[in-house]
Amino acid sequence: MSNGFEAVLMEEELPLRPAAEDPLGALAVRVLDGDTEAFGALLTRTQPRLLGLAWRILGDRDLAQDAAQETYLRIFRSLGSYRPGEPFEAWMVRITVNVCYDLVRKRGPLPLPPEVLEGLGADPSTHETEEAVLLRQRRDLLHRALAGLPQAERAALVLRDLEGFSTEETARILGVRPVTVRSQAASARVKLAAACARLMNPKGGRP
Amino acid sequence: MTNRHVLDRLPFWIAGDLDAPETEAVQAHLNQCPDCRAAADGMREGRAWLREALEPPFDATDHARLRGAILAQICHAEPPRRTSRLTPRAAILVTTAAALVVLALTHPLRHLQPVPPLPAPPPPTGTGISALQAASGTAPSRPGPPRLVRARAAPRQTPDEATGPTRIEFQTSDPTIHIIWLAQATPRPEPDLSQEEP
């Protein structure tokens, strides 16, 4: 069949890249070829980012660790469906987001993380400097604002503004149109900006 | 562009999600409007705070524990196997091709003319085969439906012709029915890079 036909088959997927440009994809292929130790190398290279992503989406340490563990198991079981040449990181992130969504669906709305709740009740007159108090308050307020975001907006914001994916990549990962990602991320930014404005000017009004 | 327009576009502008003319218009407005510039600075600061607040809190111990738990479970898991996977577009194409082939094969059968009933055989008066058939009670055999006698693909194209349509021909036993199937692949669209973050 011609190259044109092949291009049509792959149109809706992420662009293919040679294995040399995607070391993670090369490791995945090695695992598929029976080299299970390559999975350890894959883990070493991706675990910090994947765990951090799960925490940013879920906002809870324990849940994020559960999600990361489940994600790696799912990755291992699904490696057979990974298409060599597809960007492995985006494929992995897509699984992570799905696992996080599944966890949220099972457990219902997420409570605020314990560290944030502790921070809200803490006495600011202890040994903390003024700068440290401000930093903690800012962090707690942002966590509360994030916890109030709809799940889709939060995921779009995290992938777009924190994980460094482009709008197109984020759209492919989340399975939505780019215009939806732009709209969701912008809506989340407005809500967070409003939260920041409240922090700067707690008595009301615009900063 | 009014202040309201610019403030509405700031959440898109800050991430490079506006097209080039709108980006330029917002930038031009910000250069001359201190209020909107302050709002843009506030939004930029908010993004920085977000990055700071969402710095993952995990240390080496957390990572080591998680790694151990994952590897322990992987040891007992079934090793992964390669599976063939069709993209949604490929699945549609394959299904369509299969439907066309089935249609091509059954098309001659759908257009058969009803065969008029044969007149009653005359009483066996003569000799030869007809007399023998009449004596044994067997009717003369009717001609069967037109059968597909030939289905072939067009000769393989040269690389220069690779972008042209693929041609598949079916010839039925009826010389007036000749089925030609043309399949044209469409080229892959170029990604729109103008909306990406600068």
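Keep in mind it's a predicted model, so treat the numbers as computed, not measured.

Secondary structure assignment for chain A yields 10 helices and zero strands. Along chain A, from the amino end to the carboxyl end, the secondary structure elements read α-α-α-α-α-α-α-α-α-α. Looking at chain A as a whole, 37% of its 207 residues qualify as buried. The long-range share in chain A, meaning contacts at least 24 apart out of those at least 6 apart in sequence, stands at 63%.

Let's shift gears to helix α5 (residues 88-107) of chain A. All names here are of chain A. A rise of 1.5 Å per residue sets the reference length of α5, with its 20 residues, at 28 Å; its end C-alpha atoms lie 29 Å apart and thus fit the reference within 8%. Taken together, the buried positions of α5 are occupied by F88, E89, W91, M92, V93, T96, V97, V99 and C100. Looking at the buried residues of α5, the elements they touch are α2 (23-32), α3 (37-58), α4 (61-78), α8 (151-162) and α9 (167-174). Looking one or two places after α5, you find G108, whose phi comes out positive at around 80°.

This part takes up the confidence of the model for chain A. Per-residue pLDDT for chain A has a mean of 81; in total, 77% of the residues score no lower than 70. Taken together, the stretch residues 1-16 of chain A has pLDDT below 50 and engages in 34 contacts with residues farther than four places along the chain or on a different chain.

All names here are of chain A. Relative to each other, α8 and α9 sit at 140°, their axes nearing to 9 Å. If you check the angle between α8 and α9, you find them oblique. Relative to α9, α8 is oriented so that their crossing is right-handed. On the side of α8, the interface is formed by A155, A156, L159 and R160, while α9 contributes T167, T170, I173 and L174. Of the residues in the contact of α8 with α9, the class split is five nonpolar, two polar and one charged.

A few words now on the packing of α5 of chain A against α9 of chain A. Residues and elements named next belong to chain A. In the contact formed by α5 and α9, the axes pass within 9 Å of each other and the chain directions differ by 50°. Taken together, the axes of α5 and α9 lie oblique to each other. Taken as a pair, α5 and α9 cross one another with a handedness that is right-handed. Of the residues in α9, those touching α5 at A90, V93, R94 and V97 are E169, R172, I173 and L174.

Let's shift gears to the environment of L141 of chain A. Summarising the element assignment, L141 of chain A is placed in helix α7 (residues 130-147). C-alpha separation for the pair L141 of chain A and C196 of chain A, spaced 55 residues apart in sequence, amounts to 7.9 Å.

Here we come to the nonpolar core. Residues and elements named next belong to chain A. Ranked by size, the top nonpolar core spans 66 residues in total, and within it A54, I57, A68, L142, A156 and L192 carry the most contacts. Ranked by residue count, the leading element in this core is α3, at 10 residues. Residues within four places of I57 in sequence aside, it is in contact with V97, C100, R154, A155 and V158.

Residue and element names in this part refer to chain B. For strand β2 (residues 166-172) and strand β3 (residues 178-183), the ladder comprises six bridges, and the chain directions are antiparallel. By the bridge assignment for β3, F170 is matched with I179. Linking β2 to β3, which pair antiparallel, is a turn of five residues.

Further remarks concern the confidence of the model for chain B. Residue and element names in this part refer to chain B. Residue-level pLDDT values for chain B average 75, and 63% of them are 70 or greater. Averaged pLDDT values for the elements of chain B fall to 52 in helix α6 (residues 129-136) and rise to 93 in helix α2 (residues 20-32). Quick note on the complex model: pTM equals 0.64, ipTM equals 0.76.

Criteria and thresholds
- Residues numbered from 1 in each chain as written.
- Chains lettered and ligands numbered in written order.
- Predicted model: local features only at pLDDT ≥ 70, side-chain atom pairs only at ≥ 80, totals over all residues.
- Helix = DSSP H or I, 4+ residues; strand = E, 2+ residues; numbered from the N terminus.
- Buried ≥ 20, exposed ≤ 12 C-beta atoms within 10 Å, placed from the backbone.
- Contact = placed C-beta atoms within 7 Å.
- Expected span 1.5 Å × (residues − 1).
- pLDDT = per-residue confidence, 0-100.
- Axes fitted to C-alpha atoms, helices over the stretch in contact; angles between N-to-C directions.
- Parallel < 35°, antiparallel > 145°, perpendicular 65-115°, else oblique.
- Left-handed = near helix turned anticlockwise from the far one by under 90°.
- Nonpolar A, V, L, I, M, F, W, Y, C, P; charged D, E, K, R; others polar.
- Core = buried A, V, L, I, M, F, W, Y, C linked by C-beta atoms within 7 Å.
- Pairing = 2+ DSSP bridges.

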